[in-house]
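# Close look at the chain arrangement
So you can see what is in the structure, the chains are spelled out below.
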Amino acid sequence: MAERYFLNKAGVKTARMQGPPGAGHIDIGREVLAREGIVPFNNGDVYTQMFLLGFVRIVEHDSGSIEVEHARPLTTPQRRFLKALEDCGRKLDYVSLKR
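I will try to describe carefully the structure that is included in this document. The shown structure was predicted, so the numbers you read here are calculated from the model rather than taken from an experiment.

Look at any regular strand and the pattern is simple: side chains alternate between the two faces of the sheet. In terms of residue burial, strand S3 (residues 56–60) counts as a mostly covered element, since five of its five residues are buried. Burial along S3 is two-sided: the face carrying Val56, Ile58 and Glu60 and the face carrying Arg57 and Val59 are both buried. Sheet topology places strand S1 (residues 3–7) next to S3; five bridges connect them, and they run antiparallel. Bridge pairing links Arg4 to Val59 in S3. Bridge count for S3 against strand S4 (residues 65–70) is four bridges, and the pairing is antiparallel. By the bridge assignment for S4, Arg57 is matched with Glu69. The hairpin turn running from S3 into S4, its antiparallel successor, is four residues long, and Gly64 in that turn takes a positive phi close to 105 degrees.

Within the sequence span of helix H2 (residues 43–52), burial applies to Asp45, Val46, Gln49, Met50 and Phe51. Buried residues belonging to H2 abut S1, helix H1 (25–35), S3 and S4. Positive backbone phi, approximately 90 degrees, marks Gly54, located one or two places after H2.

Relative to strand S2 (residues 13–14), S1 runs antiparallel, the two being bridged by two bridges. In the strand pairing of S2, Leu7 is matched with Lys13. Hairpin connection of S1 to S2: five residues between the antiparallel strands, including Gly11 at a positive phi of 75 degrees.

Close contact between H1 and H2 brings their axes to 9 Å; oriented N to C, the two are set at 60 degrees. In terms of axis orientation, H1 runs oblique to H2. The handedness of the crossing between H1 and H2 is left-handed. Here His25, Ile26, Gly29, Arg30, Val32 and Leu33 of H1 lie close against H2, whose contacting residues are Asn43, Val46, Tyr47, Gln49 and Met50. Residues belonging to the contact of H1 with H2 are distributed by class as follows: six nonpolar, four polar and one charged.

Cut-offs used in this document
Residues numbered from 1 in each chain as written. Predicted model: local features only at pLDDT ≥ 70, side-chain atom pairs only at ≥ 80, totals over all residues. Heavy atoms only, no water. Buried < 20%, exposed > 50% of the residue type's maximum accessible area, 1.4 Å probe, protein only. Helix = DSSP H or I, 4+ residues; strand = E, 2+ residues; numbered from the N terminus. Pairing = 2+ DSSP bridges. Contact = heavy atoms within 4.5 Å. Axes fitted to C-alpha atoms, helices over the stretch in contact; angles between N-to-C directions. Parallel < 35°, antiparallel > 145°, perpendicular 65-115°, else oblique. Left-handed = near helix turned anticlockwise from the far one by under 90°. Nonpolar A, V, L, I, M, F, W, Y, C, P; charged D, E, K, R; others polar.

Shown next as structure tokens:
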């Protein structure tokens, strides 16, 4: 099963704090946004708000490839985290959502 999480600006994995492990990005985003006092309009707005806060969406597939989706330039800590994954032999696929 693919591992899903966000990276915050400091390059720290942000996964679901409550409920069962393996939650999707929507569940993770709703928890993070609630802590920030942000109520998204719908599921699509969860992603919009997370990207506005500088988060990067990550999906680590069982095949070893990793999707990296971001709307802003990556921070130095985020780039360091991702480079460490590449250094371990992982293939990263970047999706830039310039907004």
